[in-house]
Amino acid sequence: MNPAEVTDRLGALRADFDRSFAEPARQHDAEYAELLAIRAGGRRYALRLSQASGVHSDRPVTPLPGPQAALLGVAGFSGSIVPVYDLAALLGHPVPDRPRWLVLATGTPPLALAFHDLDGHVRVPTSIIIGETDGNSGRDVLRGMVPLPGGTRPIVDLPSARAVVHQLTGHITYNTEER
């Protein structure tokens, strides 16, 4: 770039920056859902970003002994020790290999779920989400389906997954309606 092009580009960036303060503040658009397209146990799923406080790859997980096959161990997140469960195992799928990705669920107590592949981030109109229900029936962690390129994916509800973990471990069940 020559100096004149740089000067023009800087002027355009300044104008865009100034214009951004003149526009009204954007509010969360309830007509859209922000999702992560993932794979767990060789199957395609989606997760709501609003139910996640972080996504991490290749985070060290310290194995723990115990009767729960779905419990992979614990991992550290911002100074907290968090249990890590294999999402594929919670959904009843065989687990061919150790998952690479961890999603940290919002809410308490802390919980991380491991999955195998992250296919990407998608923003979809809420009107295309199929069959979403509000009830929680036992070990059901799936809440609706979303048509995406490559096929329709079930949506994993992270608060319901937390309730399933607590049922498996014999702890109290937390209210999954507080999303």
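Criteria and cut-off values
- Residues numbered from 1 in each chain as written.
- Predicted model: local features only at pLDDT ≥ 70, side-chain atom pairs only at ≥ 80, totals over all residues.
- Heavy atoms only, no water.
- Pairing = 2+ DSSP bridges.
- Helix = DSSP H or I, 4+ residues; strand = E, 2+ residues; numbered from the N terminus.
- Axes fitted to C-alpha atoms, helices over the stretch in contact; angles between N-to-C directions.
- Buried < 20%, exposed > 50% of the residue type's maximum accessible area, 1.4 Å probe, protein only.
- Salt bridge = Lys/Arg side-chain N within 4 Å of Asp/Glu carboxyl O.
- Polar contact = N/O pair within 3.5 Å; in protein donor to acceptor, adjacent residues only side chain to side chain.
- Contact = heavy atoms within 4.5 Å.
- Core = buried A, V, L, I, M, F, W, Y, C linked by side-chain atoms within 4.5 Å.

Trainee: I would appreciate a short explanation of the sheet that holds strand E8 (residues 117–125) in the present structure.
Mentor: One key point about sheets: their strands pair by backbone hydrogen bonds, in either a parallel or an antiparallel sense. One open sheet accounts for five strands, arranged E8-E1-E2-E10-E9; its pairing is mixed. Strand pairing shows two members of the sheet lacking a second neighbour, E8 and strand E9 (142–148), which therefore form its edges. Within this sheet the neighbouring strands show an average axis-to-axis angle of 35°, counted without direction. Pairing analysis gives two bridges linking strand E2 (residues 43–48) to strand E10 (residues 151–156), with the strands arranged parallel. The partner of Leu47 across the bridge, within E10, is Val156.

Trainee: Please explain the environment of His93 as it appears in this structure.
Mentor: When you line up the elements, His93 lands in the loop between helix H2 (87–90) and strand E6 (101–105). Since its relative accessible area comes to 11%, His93 is described here as buried. When the C-alpha atoms of His93 and Gly42 are compared, they prove to be 8.5 Å apart, with 51 residues separating the residues in sequence.

Trainee: Just to check I follow, could you spell out the pattern of salt bridges for this structure?
Mentor: Pairs may arise between side chains of opposite charge once their charged atoms sit close together. What the rule picks out here adds up to six salt bridges. One salt bridge connects Glu34 with Arg123, and the closest N-O pair in it is separated by 2.8 Å. Placement of the pair is Glu34 in strand E1 (residues 32–40) and Arg123 in strand E8, with a sequence separation of 89 residues. On the basis of relative accessible area, Glu34 is assigned to the partly exposed category, the value being 26%. Note on Arg123: relative accessible area 45%, which makes it partly exposed. Its salt-bridge partner being Asp117, residue Arg39 comes within 3.8 Å of it at the nearest N-O pair. Here Asp117 lies in strand E8 and Arg39 lies in strand E1, a separation of 78 residues in the sequence. Taking relative accessible area as the criterion, Arg39 reaches 29% and is therefore assigned partly exposed.

Trainee: Hey, could you run me through the side chain of His116 in this one?
Mentor: Structurally, His116 can be placed in the loop between strand E7 (112–115) and E8. Engagement of the side chain of His116 in a polar contact is seen with the backbone nitrogen of Gly41, the distance being 3.0 Å. Once you skip the residues sitting within four places of it in the chain, His116 turns out to touch Arg39, Ala40, Gly41, Ala88, Val95, Pro96, Asp97, Arg98, Pro99, Arg100 and Trp101.

Trainee: When you look at the pairing of E9 in this model, what are you seeing that I'm missing?
Mentor: Bridging between E9 and E10 involves five bridges; their strand directions are antiparallel. Counted as the bridge partner of Met145 is Pro154 from E10. Hairpin connection between E9 and E10: a loop of two residues separates the two successive antiparallel strands, and Gly150 in this loop has a positive phi of roughly 95°.

Trainee: Help me understand the nonpolar core, please; the structure alone is not making it clear to me.
Mentor: Generally speaking, nonpolar side chains in soluble globular proteins are found buried as a group. In this structure, Leu47, Tyr85, Leu113 and Leu158 are the most contacted members of the largest nonpolar core, which totals 25 residues. Among the secondary structure elements, those contributing two or more residues to this core are E1, E2, H2, E6, E7 and helix H3 (158–169). Apart from the residues lying within four places of it in its own chain, the contact partners of Leu113 are Tyr85, Leu87, Leu90, Trp101, Leu102, Val103, Leu158 and Ala161. Of all hydrophobic cores here, the second largest spans ten residues; its members include Val61, Ala75, Val84 and Leu104.

That's the geometry; what it means functionally is another story.
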